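Each chain, letter by letter, is given below.
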Amino acid sequence: MPRFFLMFVFSAFFLFSCAISQPNAATPGAAASQTEFAPKPAEPGFDVTAIDRKVNPCDDFYAFACGGWIASNEIPADKSRWGRFDQLAESDLNKLHDILTAAAAGKSEPQDRFGDKVGDFFAACMDQEGTEKTGLADLKAEWTKIEAVKDPVSLSRAVGRLHGTGIGTLFNFFSVQDFKDSTQVIAGVFQGGLSLPDRDYYLKDDPKSAEIRKNFKTHLERMLTLSGVPKERAKHEAEADFEIEKTMAASQWTRTEMRSPERIYNPYDPAGLQKISAPFDWQAYLAEIGAPKVVKFSISTPKAMTQLGELIKKTPYETWRAYLRWRALDAMARARALPKAFVDERFSFQSKNFTGQKVIEPRWKHCTRMTDRLLGEALGQAFVRRWFAGDAKDKALQLIRNIQRAQERNLTTLAWMDEPTRQKALQKLAKINNKIGYPSKWRDYASLEVTRTSFLKSLLAAIAFETRRDLAKIGKPVDRGEWEMTPPTVNAYYNPLLNEMVFPAGILQPTFYTSGANDAVNYGAIGFVMGHELTHGFDDQGRKFDDAGNMRDWWSPSVGKEFEKRTTCVEDQFSGYVAVDDVKLNGKLTLGENIADLGGLKLSFSAYQDSRKGQPPEAPVEGFSADQQFFLAAAQVWCAKMRPEEARRRVVLDPHSPPKWRVDGPLSNLPGFAKAFNCKADDQMVRAKRCEVW
Ligand SMILES: [Zn+2]
């Protein structure tokens, strides 16, 4: 799903998702009637039982705030990670499942214009028996079309067809805002087409990577054998496919290199792109995928395009057909649109090498997630009506305003800024747009056709619908009303090209926002998220875009240098942390997120302090002062356990640091934290060399 790419590269508070339901706090009823007579005690808003009082908060605050939670929680068998964040996501999944079960039984609410469509899609996905019977035949019908590949034109056409239905091969293609003219939408070509989760797995020399490569080849061979390919041929095809992918991997930027917006913005006109990637045929490709007329492309990795041309010249078409067949097979197994034997084999490969998950997720969870992903703005309407609390939007706006004000005060006083840069930064801050809860205009699914008789066909239809919708934007002015996340999503993002922050309804619930809790707690949890997203506008990537979302250097050179010096401090700090076993964090990959965590906590704490001016301090809860509650709430968002395989995978892929370091890393830089817990200068949680960017 190409559009998710941008969120990934440019920040988004991109987190995990996952298992078992967690009852929401605040049960109205009894408590509500009491308020008429006596002031209601504040909801704690943080989890007292999660705390481990045996730990000194100045030694390891994460262990203090989350030790109790960690001791009393096990990772569910169908999860690779389990945390308080995941508990909320799991709770949302259950709510969506209720809506979907009713929709599938023809009982969606009359306001839900696409209720039947949503119900049909979910029902088709849930029909495991039907998938057993038709899945492989449906896949082979797709394969038949690949058999036509015999020259560059037919290859380019086949890739266009597959891309139209979301099957990633050779590269990714989708609409993007022009980095240098953010009002316009152009065509984006981004590196892609690999089966393993990162290019590094193909290229690194360490024993783990070598083992993964060996297991991958065996897995590929098994999948092909399952689909009826004779054993010897399957072995041969697995080798050939691996070699193609490895060559492509070598021509791609690393994940860290992809974080640089200047590096991945390479404008080309159609003739220029054709020239560097020939004999790939762009005309044939664009016609097949159904793109409108394209006059400008943005290419992430020109060297990968050149390598693609070279690969086409030297690879037999028999191998190309095998590669395309494999990529379709893999995508369908991943979507669980194939019989169980395929899905199980894929799960076993993934869990052994990347996740450590013990059992596969129940089908209903998978199908709920798929429906949310593909028909999210139809499904999300019912979710918002039922679950989005009335006061959450106003409260969120008020918090955001206070946090923006904190950043304004901060920018005004920062000693390392010069006046011209300060003015531009203030201007950018003032122009940030906030989206809260759900879109003001919902997506129209009228032209999408889904059927209950074949999940695979419905899935391809839904992705094709999404591709058409996305590509239709090329050549037009940007639509500023669009959302990149669905309303139930427990997440948030900052988009530098629109200079906007987005907070879906899913994150404006307890754990993050608790109605009736002390402000300290809400500033600590959702306020931290808001400060984090706001800081993304000024992190090492975000700072390269101006107030209108254009990539432009608006910094005085000396201030830019000072900024980089400050970010180096953060990079060094996090590079020193161990993620799992002997594997250290990648301080360069996680730099933007670490800057955002650090800035987010500082801004939110400052906004909280300011909001209390002239008032008595908020009431202590369970012996914790209001300031202490702020930091407890912030830390407890991250209470989590992770399987070692998952932790390793995240070091390679995840731009966020592991939970412990998202807490101890930034807090050990914050004087406000040390003061709240009376930590001394030589305590673990007080860094001698304090990093501060914003
Ligand atoms: Zn982030």
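Remember, predicted model here, so these are calculated numbers, not experimental data. (Residues numbered from 1 in each chain as written. Predicted model: local features only at pLDDT ≥ 70, side-chain atom pairs only at ≥ 80, totals over all residues. Heavy atoms only, no water.)

> Sorry, what's going on with the overall build of the protein chain here?
Of regular secondary structure, the protein chain possesses 27 helices and 11 strands. Its C-alpha atoms give the protein chain a radius of gyration of 25 Å, within 12% of the compact-globule value 26 Å for 694 residues. Taking the principal axes of the C-alpha coordinates as reference, the protein chain spans close to 75 × 60 × 50 Å. Burial status across the protein chain gives 60% buried among its 694 residues. (Helix = DSSP H or I, 4+ residues; strand = E, 2+ residues; numbered from the N terminus. Rg over C-alpha atoms; globule rule 2.2 N^0.38 Å. Buried < 20%, exposed > 50% of the residue type's maximum accessible area, 1.4 Å probe, protein only.)

> Looking at this model, I keep getting lost on the environment of W326. Mind explaining?
Counting through the fold element by element, W326 comes out in helix α15 (residues 317–334). Taking relative accessible area as the criterion, W326 reaches 1% and is therefore assigned buried. Between the alpha carbons of W326 and G665 there is a distance of 42 Å; along the sequence they are 339 residues apart. When near neighbours in sequence (up to four residues on either side) are disregarded, W326 contacts S195, F216, H219, L220, M223, D241 and E245. (Contact = heavy atoms within 4.5 Å.)

> Would you explain the pairing of strand β2 (residues 171–178) in this entry?
As a general feature of sheets, a regular strand has side chains that alternate between the two faces. Within β2, 7 of the 8 residues are buried, which leaves the element mostly enclosed by the surrounding structure. Bridge analysis of β2 against strand β3 (residues 181–191) gives 8 bridges, and the strand direction is antiparallel. Within β3, the position partnered with V176 by the bridge is I186. What sits between β2 and β3 in their antiparallel hairpin is a turn of 2 residues. (Pairing = 2+ DSSP bridges.)

> It is not clear to me how the coordination of the zinc ion should be interpreted in this structure. Could you clarify?
Angles between donor atoms at a metal ideally measure 109.5 degrees for a four-coordinate tetrahedral arrangement and either 90 or 180 degrees for a six-coordinate octahedral one. Protein coordination of the zinc ion is provided by H532 (NE2), H536 (NE2) and E593 (OE), with donor distances spanning 2.0 to 2.1 Å. Written as a sequence motif, the donor arrangement for the zinc ion is H-x3-H-x56-E. Placement of the pair is H532 in helix α21 (residues 519–536) and E593 in helix α23 (residues 591–611), with a sequence separation of 61 residues. Each member of the pair, H532 together with E593, is buried. (Donors = N, O, S within 2.8 Å, 3.2 Å for Na, K, Ca; no water.)

> What is the right way to read the environment of N73 from this model?
Its location among the elements puts N73 in the loop between α3 (61–72) and β1 (81–83). Here the alpha-carbon distance between N73 and G164, two residues 91 residues apart in the chain, equals 43 Å. When residues no more than four places from it in sequence are discounted, the contact partners of N73 are W82, Q87 and K641. Looking at N73, its side chain comes within polar contact range of the main-chain oxygen of W69, at 2.9 Å. (Polar contact = N/O pair within 3.5 Å; in protein donor to acceptor, adjacent residues only side chain to side chain.)

> When you look at the sheet that holds β3 in this model, what are you seeing that I'm missing?
Across a sheet, strands are paired by hydrogen bonds formed along the backbone, either parallel or antiparallel in direction. Pairing is mixed in the open sheet, where 4 strands are placed in the order β2-β3-β5-β4. Each edge of the open sheet is held by one strand with a lone partner, namely β2 and β4 (267–268). Relative to strand β5 (residues 297–299), β3 is paired through 3 bridges, and the arrangement is parallel. Bridge pairing in β5 places G188 opposite S298.

> So what exactly am I meant to see when it comes to the pairing of strand β8 (residues 500–504) here?
Taking burial as the measure, the 5 residues of β8 include 5 buried ones, the bulk of the element. Note that strand β6 (residues 433–437) and β8 share 5 bridges and pair parallel. By the bridge assignment, I436 is partnered in β8 with F503. Bridge count for strand β7 (residues 493–495) against β8 is 3 bridges, and the pairing is antiparallel. Of the residues in β8, the one forming a bridge with Y493 is V502. With antiparallel pairing between neighbouring strands as the criterion, β7 and β8 make up a hairpin whose turn holds 4 residues, including N499 at a positive phi of roughly 45°.

> Can you help me understand the packing of aromatic side chains in this one?
Each aromatic ring pair is characterised by the separation of its centres together with the angle its planes make. Going through the model one piece at a time under the given rule, you end up with 47 aromatic pairs. Here F64 and F624 contribute two aromatic rings whose centre-to-centre distance is 6.3 Å and whose plane-to-plane angle is 80°, an arrangement assigned as edge-to-face. Of this pair, F64 sits in helix α3 while F624 sits in the loop between α23 and α24 (626–636); the two residues are 560 residues apart in sequence, bridging distant segments of the chain. Looking at F64, the relative accessible area reads 6%, which means it is buried. Residue F624 is classed as buried on the basis of its relative accessible area, which comes to 6%. In this structure an aromatic cluster arises from ring pairing among F46, F61, F64, Y523, F605, Y608, F624, F630, F631, F673 and F677. Its guanidinium or amino end placed over the ring of F242, K217 lies 4.6 Å from that ring's centre, counting from NZ or CZ. The aromatic ring of W253 is capped on one face by R263, whose charged end is 5.3 Å from the ring centroid. (Phe/Tyr/Trp six-rings, centres within 6.5 Å; stacked < 30°, edge-to-face > 60°. Lys NZ or Arg CZ within 6 Å of the ring centre and 35° of its normal.)

> Sorry, what's going on with the state of the cysteines here?
Each disulfide consists of a covalent bond between the sulfur atoms of two cysteine residues. A complete count under the given rule lists 4 disulfides for this structure. Put simply, C66 and C639 are joined by a disulfide, and their sulfur atoms are 2.1 Å apart. Since a negative S-S torsion denotes a left-handed disulfide, the C66-C639 link at about -80° is left-handed. A residue pair is termed long-range when its members are at least 10 positions apart, and C66 in helix α3 and C639 in the loop between α24 and β11 (640–642) qualify at 573 residues. Look at C639 and you get buried, because its relative accessible area is 0%. (Disulfide = S-S within 2.5 Å.)

> Please clarify how the pattern of salt bridges should be interpreted in this entry.
Opposite charge on two side chains permits them to pair, given that their charged atoms come into close proximity. Tallied over the entire structure, the rule returns 61 salt bridges. Here D200 ties to K204 by a salt bridge, and the two come within 3.9 Å at their closest N and O atoms. In this structure, R443 and E377 form a salt bridge, with 3.6 Å as the shortest nitrogen-oxygen distance. One end of the pair, R443, is in the loop between β6 and α20 (455–471); the other, E377, is in helix α17 (residues 363–387), and 66 residues separate them in sequence. Residue R443 is classed as buried on the basis of its relative accessible area, which comes to 14%. Three or more residues are tied together by salt bridges with common partners; here these are E377, R443, E466, R469, D470, K473 and E482. (Salt bridge = Lys/Arg side-chain N within 4 Å of Asp/Glu carboxyl O.)

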